[in-house]
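Close look at the chain arrangement
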Amino acid sequence: MKIPDPLIERLRRSQRVAVLTGAGVSAESGVPTFRDAQTGLWARYDPAELASPEAFRANPTLVWQWYAYRRSLVEAAAPNPGHLALADLERRIADFTLITQNVDDLHRRAGSRNVVELHGNLFRYRCFDDDTPVELVTVPQDAPPRCARCGGLVRPDVVWFGEWLPPQAWRTAVAAAERCDLFLCIGTSGVVRPAADLPLIARSAGAYTVEINIAPGALDGQLDLHLYAPAGQLLPAMMSAAFGDAA
Ligand code: APR
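These lines cover the structure that appears in this document, whether it is placed above or below.

A short note on unusual backbone geometry
- In this structure, the amide linkage connecting Arg193 to the following residue, Pro194, adopts the cis form with an omega of 0°.
- Relative to the helices and strands, Pro194 is located in the loop between β7 (182-186) and α9 (198-204).
- Although it is not a glycine, Asp131 sits at a positive phi angle of roughly 65°.

So, in structure tokens, the structure goes:
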């Protein structure tokens, strides 16, 4: 797979790199992307109908079971070469920020350290009523447990439709996009704001911006370079081209 020279040169030269990933970077780990057709028991539900405070209020057991199902998918998955390539890149760049919309924890499991989770994490929990973090020693599969402090229902610590992003995570992501000289946008449909604004913020601040996806989407034509190939193949090829086979 030929990696364009402008990208290779910038990878070798950049000291401030920011990356935004979406569900596509986990696709080759066998984790369905957010907008993949839901399968099996969950085929009849639209994720947007489940991932909302209203859905949880209306049917906490159903929403809890859906997240238990998604956790089971992720626990059975492993980081793929794309995740590992990004962990390798982080080790080579002085100022590196990995911003992810994914809640699957696979970047951390791949060895990435400076991970900004815009949409939370499937394996963290908080109280639906008082919003404080909740540590679960065991995680029930069938129904949400109760908060030991206030008795409220425990929810996954993920951002639901209609909710704000964690303010600190968003500020960190914007600051990284504004100061980087290379921005990689990988495996995201680019349809959910404000995350999808980050590559455009980076570009308007002067960064060289690259999209890696399997097909053109909402960002097509808006960035400096668009590469269409599976991230699990392209990212290792990119690392080898830029840093040699020691990568
Ligand atoms: N390599 C690279 N890109 C891929 C691959 C792959 N192997 N497989 C799929 N893709 C791309 C798809 O072409 C699509 O553009 O990944 C993207 C997945 O898009 P979505 O399913 O919309 O996931 P994402 O962009 O992460 O969604 C953003 O929206 O629904 C909310 O909170 C949810 O975090 C999610 C956010």
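From this point on, the discussion continues.
Considering the pairing of strand β2 (residues 95-100)
- Judged by how many residues are buried, β2 sits mostly within the fold: five of six residues are covered.
- Of the pairings in the sheet, the one linking strand β1 (residues 16-21) to β2 comprises six bridges and is parallel in character. Counterpart to Val19 in the pairing with β2 is Leu98.
- Pairing analysis gives three bridges linking β2 to strand β3 (residues 115-117), with the strands arranged parallel. Of the residues in β3, the one forming a bridge with Thr100 is Glu117.

A word on helix α10 (residues 231-243)
- In a regular helix each residue adds 1.5 Å, so 13 residues correspond to 18 Å; α10 covers 17 Å between its end C-alpha atoms and thus fits that length.
- Those residues of α10 that sit buried are Ala231, Gly232, Leu234, Leu235, Met238, Met239 and Ala242.
- On its buried face, α10 sits against α1 (5-13), α2 (24-27), α6 (81-92), β7, β8 (208-213) and β9 (225-228).

Quick word on the sheet that holds β1
- Here we have six strands laid out as an open sheet, ordered β3-β2-β1-β7-β8-β9, and parallel in their pairing. Whereas interior strands pair on both sides, the edge strands pair on one side only; in this sheet they are β3 and β9. For this sheet, the mean inter-axis angle between neighbouring strands, taken without regard to orientation, is 15°.
- The sheet contact formed by β1 and β7 spans five bridges and is parallel. Bridging from a neighbouring strand, Leu20 pairs with Cys185 of β7.
- Across the sheet, helix α8 (residues 167-179) lies against β1, β2, β3 and β7, angled at about 130° from β2, the strand it touches most.

Conventions and cut-offs
Residues numbered from 1 in each chain as written. Predicted model: local features only at pLDDT ≥ 70, side-chain atom pairs only at ≥ 80, totals over all residues. Heavy atoms only, no water. Helix = DSSP H or I, 4+ residues; strand = E, 2+ residues; numbered from the N terminus. Buried < 20%, exposed > 50% of the residue type's maximum accessible area, 1.4 Å probe, protein only. Pairing = 2+ DSSP bridges. Expected span 1.5 Å × (residues − 1). Contact = heavy atoms within 4.5 Å. Axes fitted to C-alpha atoms, helices over the stretch in contact; angles between N-to-C directions.

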